[in-house]
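Residue-level structural notes
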Amino acid sequence: ILHSDGNDTLGDEGQAVAPLFAARGVPVYPVVFGDPALASAPSVKFTGGGDYVRLGDELRLEATLSAPQFKGQSAEARLFEGDAETPLLPPKRVQIQEKPSLIEFVFKPDKPGRKEYRIVIDGLKGAPTRKLLEATHQVDVIDQKIRVLFVDIPRDERKIVGHWLARDPGVDLAGLLMLPKQG
């Protein structure tokens, strides 16, 4: 029997318990206790950012902070790279709303490789756990050209697009022109 108040204070680890036991054939009987009118614990989650970015391009990381029970408070969101102690960018002020609050950081990574970015929320008075006020996201920063195979027929648009792609220093272009009569 799995007893829970519905608040996952371990950062999504609690949700994995029931499926693990069920996969092993152990019957799971969840029992939820507590007042259903009480709000759940605050949490921050990445909602956007992609899995990769080309070196020199902007990376837009988005997260949401869900904390309706703290409506009216403000908090600070900080972005860190890996285990660094110093934030990567200046902190963002977040005003807590009834609906999840959007947090957005935009920057250009300066080195290639696999990066882990961490958003940490500070200043939420009365929050029961710090674990749910932190989220991580991995991004591959790629330092290579985009390889494009451009296949088209003779027409004016092909010339415009082909010239535009050929001039981009970040693109490695190969083109194939399909001529009439199987040419």
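So, here's what we can say about the structure. All of these numbers come straight from a predicted model, not from anything done at the bench. (Residues numbered from 1 in each chain as written. Predicted model: local features only at pLDDT ≥ 70, side-chain atom pairs only at ≥ 80, totals over all residues. Heavy atoms only, no water.)

1. Things to note about the side chain of His137
- Among the secondary structure elements, His137 is positioned in strand S10 (residues 134-142).
- For His137, the side chain forms a polar contact with the main-chain oxygen of Gly50, separated by 2.7 Å.
- Apart from the residues within four sequence positions on either side, His137 is in contact with Phe46, Gly49, Gly50, Asp51, Leu61, Lys115, Glu116 and Tyr117. (Helix = DSSP H or I, 4+ residues; strand = E, 2+ residues; numbered from the N terminus. Polar contact = N/O pair within 3.5 Å; in protein donor to acceptor, adjacent residues only side chain to side chain. Contact = heavy atoms within 4.5 Å.)

2. Looking at the environment of Lys92
- For Lys92, the position within the fold is in strand S7 (residues 92-95).
- Between the alpha carbons of Lys92 and Glu76 there is a distance of 5.6 Å; along the sequence they are 16 residues apart.
- In this structure Lys92 touches Ala75, Glu76, Ala77, Glu104 and Phe105, once residues within four positions along its chain are discounted.
- Engagement of the side chain of Lys92 in a polar contact is seen with the backbone oxygen of Glu104, the distance being 3.1 Å.

3. Quick notes on the pairing of strand S6 (residues 74-81)
- As judged from the four bridges shared by S6 and S7, these two strands associate in the antiparallel manner. Its bridge partner being in S7, Ala75 is matched across the sheet by Val94.
- The pairing of S6 with strand S9 (residues 113-122) spans six bridges and is classified as antiparallel. Bridging across to S9, Leu79 finds its partner in Ile119. (Pairing = 2+ DSSP bridges.)

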